[in-house]
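Structural description and commentary
This is what each chain is made of:
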Amino acid sequence: MKKKITLKDIATTFNVSIATVSKALNDSYDISTATKQKIQDYARKHQYKPNVTALNLLNKKTKTIGVIIPNIMNSFFAKAFVGIENMASQNGYHLVSCISNESYEKEVKTIDLLKYGDLDGLIISLAEETQVKQNFTHLQNTINEGIPIVMFDRVTDRIDCDKIVVNDLESAYAATSHLLKSGCQRVALISVIDNLSVGKLRVEGYKKAIADYNMPVEEHLIVRIGNHENFDAILKITLSDEAIDGLICLEENAAVNALRIVKQMGYNIPEDMSIICFTNGKLLQHLSPSISAISQHGKHIGETAVKILIDRIENSSHDSPFMTKMVKTSLIPRESTRPIQLK
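Below you will find a few notes about this structure. Counting restarts for each chain: residues are numbered from 1 in the order of the written sequence. Residues qualify for local features only when their pLDDT is at least 70, as the model is predicted, and side-chain atom pairs are given and counted only at 80 or more; totals for whole chains, interfaces and linings, by contrast, use all residues. Each side-chain value is worked out from all heavy atoms of the structure, with water and hydrogens disregarded.

1. With respect to the overall build of the chain
Quick note on the threshold: Under the scheme used here, helices are H or I runs from DSSP no shorter than 4 residues and strands are E runs no shorter than 2 residues, and both carry numbers assigned from the N terminus. Just to be clear, the radius of gyration here is over C-alpha atoms, and the globule rule we use is 2.2 Å times residues to the power 0.38. Three labels apply to residues, based on accessible area from a 1.4 Å probe with only protein chains included: buried if under 20% of the type maximum, exposed if over 50%, partly exposed otherwise in between. Each accessible area is a Shrake-Rupley estimate made with a 1.4 Å probe; only the visible protein chains count as cover when residues are assessed. Charge assignment in this entry is limited to Lys and Arg as positive and Asp and Glu as negative, and neither His nor the chain termini are counted. Each charge is placed at NZ for Lys, CZ for Arg, CG for Asp and CD for Glu.
When you go through the chain residue by residue, the secondary structure sums to 14 helices and 12 strands. Expected size for 343 residues packed as a compact globule is a radius of gyration near 20 Å; at 26 Å, the chain overshoots this value by more than 25%. Overall, the C-alpha framework of the chain stretches about 90 × 40 × 40 Å when taken along its three principal axes. Taking all 343 residues of the chain together, 48% fall into the buried category. Surface summary for the chain: the accessible area is close to 17,600 Å², and the carbon and sulfur share equals 52%. Both charge centroids of the chain, one from 40 positive and one from 39 negative side chains, sit 9 Å from each other.

2. Comments concerning the pattern of salt bridges
A side chain with one charge can pair with a side chain of the opposite charge if their charged atoms come near. Quick reminder of the rule: Throughout this description, the term salt bridge denotes a Lys or Arg side-chain nitrogen within 4 Å of a carboxyl oxygen of Asp or Glu.
Tallied over the full model, the rule gives 16 salt bridges. The salt bridge partner of Arg154 is Glu102, with a shortest N-O separation of 2.6 Å. Within this pair, whereas Arg154 is found in the loop between β4 (149-152) and β5 (162-166), its partner Glu102 is found in the loop between β2 (94-99) and α6 (104-116), the two being separated by 52 residues in sequence. Each member of the pair, Arg154 as well as Glu102, is classed as buried. When salt bridges that share partners are traced, they join Asp112, Lys115 and Glu145 into one network.

3. Here we look at unusual backbone geometry
Put simply, Ile269 and Pro270 share a cis peptide bond, and its omega is 10 degrees. On the secondary structure map, Pro270 appears in the loop between α12 (252-264) and β9 (274-278). Cis geometry is adopted by the peptide bond preceding Pro289, which originates at Ser288 and carries an omega value of -5 degrees. Topologically, Pro289 is positioned in the loop between α13 (283-286) and β10 (292-295). At Gln47, a position not held by glycine, the phi torsion is positive, near 55 degrees. For Gln47, the position within the fold is in the loop between α3 (33-45) and α4 (52-58). Note on Gln47: relative accessible area 61%, which makes it exposed.

4. A few points about the side chain of Thr110
Which entries qualify depends on this criterion: Polar contact is defined as a pair of N or O atoms within 3.5 Å, subject to the rule that within protein one atom must be able to donate a hydrogen and the other to accept it, and that residues adjacent in sequence are counted only when both atoms are side-chain atoms.
Its place among the elements puts Thr110 in helix α6. Among the residues examined, Thr110 registers a relative accessible area of 8% and is labelled buried. A distance of 2.6 Å separates the side chain of Thr110 from the backbone oxygen of Lys106, its partner in a polar contact.

5. Some points on helix α11 (residues 231-238)
Because the α-helix completes a turn every 3.6 residues, residues three or four places apart line up on one side. In plain terms, the rule: Picture the helix axis, draw a direction to every C-beta atom, and the arc is the one those directions span.
Phe231, Leu235 and Thr238 are the residues of α11 that are buried. For α11, the arc enclosing every buried residue in end-on projection is 55 degrees, short of the 170-degree limit, so these residues lie on one face. The opening residue of α11 is Asn230, an N-cap whose side-chain oxygen sits 3.2 Å from the backbone nitrogen of Asp232.

6. A few points about the packing of aromatic side chains
Any pair of aromatic rings gets described here by the distance separating the centres and the angle formed by the planes. The condition is simple: When the centres of two rings from Phe, Tyr and Trp lie within 6.5 Å, Trp using its six-membered ring, the rings pair. Their planes under 30 degrees apart give stacked, over 60 give edge-to-face, and anything left gives tilted.
If you walk through the whole model with that rule in mind, you get 4 aromatic pairs. Ring geometry for Phe14 and Tyr42: centres 5.3 Å apart, planes at 85 degrees, overall edge-to-face. Linking Phe14 in helix α1 (residues 7-14) with Tyr42 in helix α3, this pair joins segments that are 28 residues apart in sequence. Relative to Phe152, the ring of Phe77 lies with its centre 6.1 Å away and its plane at 65 degrees, an arrangement referred to as edge-to-face. Residue Phe77 is found in helix α5 (residues 75-90), and its partner Phe152 is found in strand β4; the two are separated by 75 residues along the sequence. You'll find Phe77 and Phe152 in the same group, each marked buried. Taken together through their ring pairs, the aromatic side chains of Phe76, Phe77 and Phe152 make up a single cluster.

7. Focus: the pairing of β9
Which entries qualify depends on this criterion: In this analysis, strands are considered paired if DSSP registers two or more bridges between them. Classification remark: right-handed applies to a crossover when, strands pointing away from the viewer, the course from the first strand over the helix to the second runs clockwise.
Taking burial as the measure, the 5 residues of β9 include 5 buried ones, the bulk of the element. What you see with β9 is no split at all: Ser274, Ile276 and Phe278 on one side and Ile275 and Cys277 on the other are buried throughout. For strand β8 (residues 246-249) and β9, the ladder comprises 4 bridges, and the chain directions are parallel. Bridging from a neighbouring strand, Cys249 pairs with Cys277 of β9. The parallel pair β8 and β9, bridged by α12, forms a crossover whose chirality is right-handed.

Have a look at this one:
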């Protein structure tokens, strides 16, 4: 097997220092044109390729970003990861990706493991248990060790770092308003994410829209269903109130299950019951009827997270003010909701 040529080999051939060869290959003005040309021609002829690992270590960078997402089965996080991977690859960064499975303990252990591998930075969306425990010591320790963090979607105000979020309150307000404008008289909200910051904000947006339409906020129409509760039974009890004619589901799987139950109960969609949900996975388009959705633009959020983190890593901007970037959502009407009624 042919031996790979190194900087040292080239330096020995021309009786110059390794630094001179490196400068010549990088087209530095410090080196004469004739010397640069000879070294570059020789390197090209012998198919020299730089040792990226060695160069990164020399520059005190590993070009490695850690990514922790809470749930890969959620279409939003899947799209966000695609955006993260695309943008990292374009900028020559490698990813070490992990899934916390909504576990605080796994999130803590994963961060410790990633730090052992000399990370340049970390992108994370918090696990459900982390938000319940409100213990962020592992994240603060990471920042204290000089590793920049970008949080997205599920964030906390108790950690100073860059963050990317959507306006969940405004988005839920828009979804609720859409149902009311389309003729719905009583809208129920179905939440399986009440432990999460985003879930709480969406409930606030729903309440605000109901109040702004001069309607009473009926707490029993805000249906909070835990992980270990019987979703089908609780929703059937809720829908036994035949005056309910609209559903907002704060999560995609809940919407899919709600659609199944509503159809089983004999409701016509959207005439008797309109449904709208958060996250815009591909499945929603292919259901019958297709489900109206709030798109959170996960791919764009992932790409933005990488851009912000790389700027922190490469441009010595560790001391510049942290930013919280708000991404606007889009409401995508489909067959599960009626057209807005113009007055």
